[in-house]
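Breakdown of the fold
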Amino acid sequence: MSIWRKPLLAALLLSCAVTVAACGSSNSSSSSSSSSSASTSTSTAAPSSSTANSAVAKLVPAAIKSKGTLTVAADASYAPNEFIGSDGHTVVGMDADLSKALAAVMGLKANVVNATFDTIIPGLAAGKYDMGASSFTDTKEREKTVDFVDYFSAGTSFFTKASGGVSVGGLADLCGKTVSVESGTTEETDAKGQSSKCKAAGKPAVNVLVFPTQSAANLALSSGRAQLSMADSPVADYQVKQSNGTFKRVGQPYGTAPYGLALPKCAGRAGCAQGAREQWHIRLDPVEVGHPERCNPRVRDEDQRRDELAVRLWLRGERLRAF
């Protein structure tokens, strides 16, 4: 799991702003009052003139600039990353805070909308949302529909009832067990994939219970419908801590991977790259990481480092690293 550092956060805000501004489209012109069918809870933050970046603000697409709001979708059942605050309706958490700071850099307000997780990417593709900030693991399958700017790294963990729960070491131990997961998550994919492996090996399948929210998956565990649950490590840790001894972590975390801010597909990657080069006047050098479109910045000073990191993330959403 990565640790936030102020210089990296500043670079991320700038890079995300440039990414949204450059790759945005007219499809992102939906009303800022957008909300999910599951809930109408939103969190809106006004922009601050002191935090707006004029160079970035002028790149914001007209459709977004005209409404003055960046509509961000988050599944507020995934505490502590995104959840409903103490007032009963405001979306709060790491991703909501990041979205508000990002919007401020662009001179916009952030309207963070509570949406069921598996509806966010389709909503981005349909132009309902401008950005998804909901602990999305950046996967090749999701990259077919949206672009990502990666900003965090987390694995997957198992948790069970502290009294009478089951013991597992990893995915291979799920055969014959009942697992609760949230719909559309990598945990659902992993549990179902393991079930197929169990059957192929002549072992009992995994009984995968899929729920629309992580809250419902947690309830299935506490009520005894499921023997264990799976979630991203920070979320699993938080659920165990908040359960006051009802849940406990079991096994070892696995599958550490980057979280990404999800953005509507850029109309043309080459156009984005060219726009980045022209805007930031940066010379880019390819690196051998399996993705030739990613770039390696040559750092000369703090401002140059920030600008070059913005370009690198714009081009592909490479995972942030401390220099």
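All values derive from a computational prediction rather than experimental measurement. (Residues numbered from 1 in each chain as written. Predicted model: local features only at pLDDT ≥ 70, side-chain atom pairs only at ≥ 80, totals over all residues. Heavy atoms only, no water.)

Observations concerning the overall build of the protein
Threshold: Labels follow the DSSP assignment, with helices taken as runs of H or I lasting at least four residues and strands as runs of E lasting at least two, numbered in each case from the N terminus. Burial status follows relative accessibility: with a 1.4 Å probe on protein chains alone, a residue under 20% of its type maximum counts as buried, one over 50% as exposed, and anything between as partly exposed. By definition in these notes, contact holds between two residues if any of their heavy atoms fall within 4.5 Å. In short, Shrake-Rupley with a 1.4 Å probe defines the accessible areas, and a residue's cover is counted only from the protein chains shown.
The number of helices and strands found in the protein is 11 helices and 14 strands. Buried positions account for 54% of the 323 residues belonging to the protein. Within the protein, contacts between residues at least 6 apart in sequence are counted, and of these 77% link residues at least 24 apart. Accessible area of the protein: about 13600 Å², with a carbon and sulfur share of 51%.

So, the layout of surface pockets
To be explicit about the condition: A cavity, in this analysis, means grid points on a 1 Å lattice covering only the protein atoms where a 1.4 Å probe fits yet has no way out; a pocket is instead an open set bounded by protein on both sides within 12 Å along at least five of seven lines, and a residue lines either one if it has an atom within 4 Å of a point. Grid points are joined across faces, edges and corners, and a volume is the space filled by probe spheres set on the points. Classification convention: Asp, Glu, Lys, Arg as charged; Ala, Val, Leu, Ile, Met, Phe, Trp, Tyr, Cys, Pro as nonpolar; all other residues, Gly among them, as polar.
What the largest pocket holds in volume is close to 270 Å³. Taken together, 19 residues line the largest pocket, and the ones lying closest to its centre are Thr-137, Thr-139, Arg-142, Thr-185 and Thr-186. Going through the elements one at a time, helix 6 (140-143), strand 8 (146-161), helix 7 (186-200) and strand 12 (247-264) are the ones with two or more residues in the lining of the largest pocket. Partitioning the lining of the largest pocket into residue classes produces four nonpolar, nine polar and six charged.

Side note on the sheet that holds strand 5 (residues 91-92)
Here is the rule we go by: Between any two strands, pairing holds if DSSP finds at least two bridges.
In spatial order, the strands read 3-4-5; together these three strands make up an open sheet with antiparallel pairing. For this open sheet the edge positions go to strand 3 (77-78) and strand 5, each flanked by a neighbour on one side alone. Bridge count for strand 4 (residues 82-84) against strand 5 is two bridges, and the pairing is antiparallel. Residue pairing in the sheet places Ile-84 in a bridge with Val-91 of strand 5.

Focus: the pairing of strand 8
Among the 16 residues in strand 8, 15 count as buried, and that is most of the element. By the bridge criterion, 13 bridges tie strand 8 to strand 12 in an arrangement that is antiparallel. Residue pairing across strands places Phe-158 opposite Val-250, the latter belonging to strand 12. Across five bridges, the pairing between strand 8 and strand 11 (residues 228-232) is antiparallel.

Regarding empty space enclosed by the protein
The tally for this structure, following the rule as stated, stands at three cavities of 30 Å³ or more. The computed volume of the largest cavity comes to approximately 60 Å³. Lining the largest cavity, in full, are Tyr-78, Phe-117, Ser-134, Ser-135, Phe-136, Thr-137, Arg-142, Glu-182, Thr-185, Thr-186, Glu-187 and Asp-232. Along the lines of polarity and charge, the residues of the lining of the largest cavity split into three nonpolar, five polar and four charged.

Quick word on the nonpolar core
Using the following cut-off: Among the buried residues, those of types Ala, Val, Leu, Ile, Met, Phe, Trp, Tyr and Cys that are joined through side-chain atoms within 4.5 Å form a nonpolar core.
In terms of nonpolar packing, the biggest core is built from 26 residues, with Leu-70, Met-106, Leu-108, Met-131 and Leu-261 touching the most fellow members. Looking at which element gives the most residues to this core, the answer is helix 4 (residues 94-105), with five residues. Core analysis: the next-biggest nonpolar cluster, separate from the first, contains 15 residues, Val-168, Val-181, Cys-198 and Val-208 among them.

As for the packing of aromatic side chains
Convention followed: Between the rings of Phe, Tyr and Trp (Trp by its six-membered ring), a pair exists once the centres lie within 6.5 Å; its type follows the angle of the planes, with under 30 degrees stacked, over 60 edge-to-face, and the other angles tilted.
For the structure on display, the rule yields seven aromatic pairs. Between Phe-83 and Tyr-238 the ring centres are 6.4 Å apart and the planes differ by 35 degrees, which places this aromatic pair in the tilted class. Note that Phe-83 is positioned in strand 4 and Tyr-238 in helix 9 (residues 233-242), a separation of 155 residues in sequence. By relative accessible area, which is 26% here, Tyr-238 ends up partly exposed.

What to know about the environment of Ser-77
Cut-off, in case you're wondering: Two N or O atoms form a polar contact when they lie within 3.5 Å of each other; inside protein one atom must be a possible hydrogen donor and the other a possible acceptor, and for residues adjacent in sequence the pair counts only when both atoms belong to side chains.
In this fold, Ser-77 is placed in strand 3. Residue Ser-77 is classed as buried on the basis of its relative accessible area of 9%. Measuring from C-alpha to C-alpha, the distance between Ser-77 and Pro-212 comes to 9.6 Å, with 135 residues separating the pair along the chain. Filtering out sequence-adjacent residues up to four positions away, Ser-77 remains in contact with Glu-82, Glu-182, Thr-213, Gln-214 and Ser-215. A distance of 3.1 Å separates a polar side-chain atom of Ser-77 from the backbone nitrogen of Gln-214.

Some points on the pattern of salt bridges
Pairing between side chains of opposite charge can happen when the charged atoms of each approach one another. For the record, the criterion: We define a salt bridge as a contact between a side-chain nitrogen of Lys or Arg and a carboxyl oxygen of Asp or Glu at a distance within 4 Å.
Per the counting criterion, the structure on display carries six salt bridges. The closest approach of N and O atoms between Asp-130 and Lys-67, which form a salt bridge, is 2.9 Å. Of the two residues, Asp-130 is situated in the loop between helix 5 (117-125) and strand 7 (131-132) and Lys-67 in helix 3 (residues 62-67); the sequence distance between them amounts to 63 residues. Assessed through its relative accessible area of 2%, Asp-130 is described here as buried. With a shortest N-O distance of 2.7 Å, Glu-188 and Lys-192 are connected by a salt bridge. Residue Glu-188 and its partner Lys-192 are located together in helix 7, separated by four residues, close to a single helical turn. Residue classification places Glu-188 among the buried positions, given a relative accessible area of 14%.

Observations concerning helix 7
Note the threshold: In a helix, the anticipated span is given by 1.5 Å times the number of residues less one.
With 15 residues, helix 7 should cover 21 Å at 1.5 Å per step; its first-to-last C-alpha distance of 21 Å lies within 8% of that length. Turning to helix 7, its buried residues number three or more, namely Thr-186, Glu-187, Glu-188, Ala-191, Gln-194, Ser-195 and Cys-198. Considering only its buried residues, helix 7 is in contact with strand 3, helix 6, strand 8, strand 9 (178-182), strand 10 (207-211) and strand 11.

Description of the pairing of strand 2 (residues 69-74)
Across the six residues that make up strand 2, a large majority, six, are buried. Burial of strand 2 is two-sided: the residues Thr-69, Thr-71 and Ala-73 facing one way and the residues Leu-70, Val-72 and Ala-74 facing the other way are all buried. One ladder, built from six bridges, connects strand 2 with strand 6 (residues 109-114); its direction is parallel. Among the inter-strand pairings, Leu-70 is bridged to a residue of strand 6, identified as Ala-110. In this structure, strand 2 lies alongside strand 7, joined through two bridges in parallel fashion. Following the sheet pairing, Val-72 is matched in strand 7 by Met-131.

Structural measurements only, silent on function.
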